[in-house]
Amino acid sequence: MRILDEVLTYNEEFVAQKKYEKYATSKLPNKKMVILTCMDTRLVELLPRALNARNGDIKLVKNAGGLIAHPFGSVMRSILVALYQLKAEEVLVIGHHDCGMGGLKADEMIAQMKQRGVSQETLDTLEYSGIDFQNWLKGFSNVEDSVAHSVDVIKNHPLLPSNVPVHGLVINPETGKLDLVINGYDN
């Protein structure tokens, strides 16, 4: 069975058996937090449990590395929506050890793109149009520095209310232990 077919088959049973009822909550976060973190599979259940967060407690924004690549991109927009429209009051940036974005090299990813059918002509056209693949596909070498950078981008955003604490943490994906990088109450 293909992945989509499995998902849809399970979903039919999920809805028919009303399993959704135990997840009913408001769209507003009970703990008034918005969290930016990585899309790593190890964090799907571990991170909320390590934070004592249940369904409905937090707004969760995920992307590769938990990075803010552009101050006016979709990640920052999501954080601002959570703060202005959904009553979040604090921001947590949570990176993790052993992240796939750590040490990511653009050349290796571009080679994989070519192996999977992206033509050099397409890459050349995009580069000619102003896409800097080396920068766009660049990872980081130190997770604490990466978290600090994202905190800095958020904290200094011109549309962020000045009284919003922005914290930075790193989680161990094996144990769930959180290490504080930046205490937003101190800034």
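Everything below is about the structure shown above.
Residues numbered from 1 in each chain as written. Predicted model: local features only at pLDDT ≥ 70, side-chain atom pairs only at ≥ 80, totals over all residues. Heavy atoms only, no water.

*Asks:* Outline the layout of surface pockets, listing residues and values.
*Replies:* Within this model, the largest pocket holds a volume of roughly 650 Å³. Mapped onto the lining of the largest pocket, the elements with two or more residues apiece are α3 (74-84), α6 (133-136) and α7 (143-155). Class assignment of the residues belonging to the lining of the largest pocket gives a composition of 11 nonpolar, nine polar and one charged. For the second largest pocket, the calculated volume is near 340 Å³. (1 Å grid on protein atoms, 1.4 Å probe; cavity = no way out; pocket = protein on both sides within 12 Å on 5 of 7 lines; lining within 4 Å. Points joined across faces, edges and corners; volume = space filled by probe spheres on them. Helix = DSSP H or I, 4+ residues; strand = E, 2+ residues; numbered from the N terminus. Nonpolar A, V, L, I, M, F, W, Y, C, P; charged D, E, K, R; others polar.)

*Asks:* So what's going on with the packing of aromatic side chains? Residues and values would help.
*Replies:* Applying the stated criterion across every chain, the model contains three aromatic pairs. A centroid spacing of 6.1 Å and a plane angle of 40 degrees characterise the contact between Y10 and F14, whose relative ring orientation is tilted. Separated by four residues within a single helix, Y10 and F14 lie in helix α1 (residues 3-16), roughly one turn from each other. Note on Y10: relative accessible area 46%, which makes it partly exposed. Ring geometry for F14 and Y23: centres 6.4 Å apart, planes at 25 degrees, overall stacked. Residue classification places Y23 among the partly exposed positions, given a relative accessible area of 41%. (Phe/Tyr/Trp six-rings, centres within 6.5 Å; stacked < 30°, edge-to-face > 60°. Buried < 20%, exposed > 50% of the residue type's maximum accessible area, 1.4 Å probe, protein only.)

*Asks:* Tell me about the nonpolar core, and name the residues and values.
*Replies:* Among the nonpolar cores identified, the biggest contains 39 residues, and I68, I79, V91, I94, I154 and L160 are the most heavily contacted of them. Of all the secondary structure elements, the ones that give two or more residues to this core are β1 (33-38), α2 (43-50), β2 (58-63), α3, β3 (90-96), α7 and β4 (166-171). It is α3 that contributes the most residues to this core, six residues altogether. Those residues in contact with V91 that sit more than four places away from it in its chain are V34, I79, L83, I154, V164, P165, V166 and H167. Counting residues in hydrophobic clusters, the runner-up holds five residues, among them A106, I110, F133 and L137. (Core = buried A, V, L, I, M, F, W, Y, C linked by side-chain atoms within 4.5 Å. Contact = heavy atoms within 4.5 Å.)

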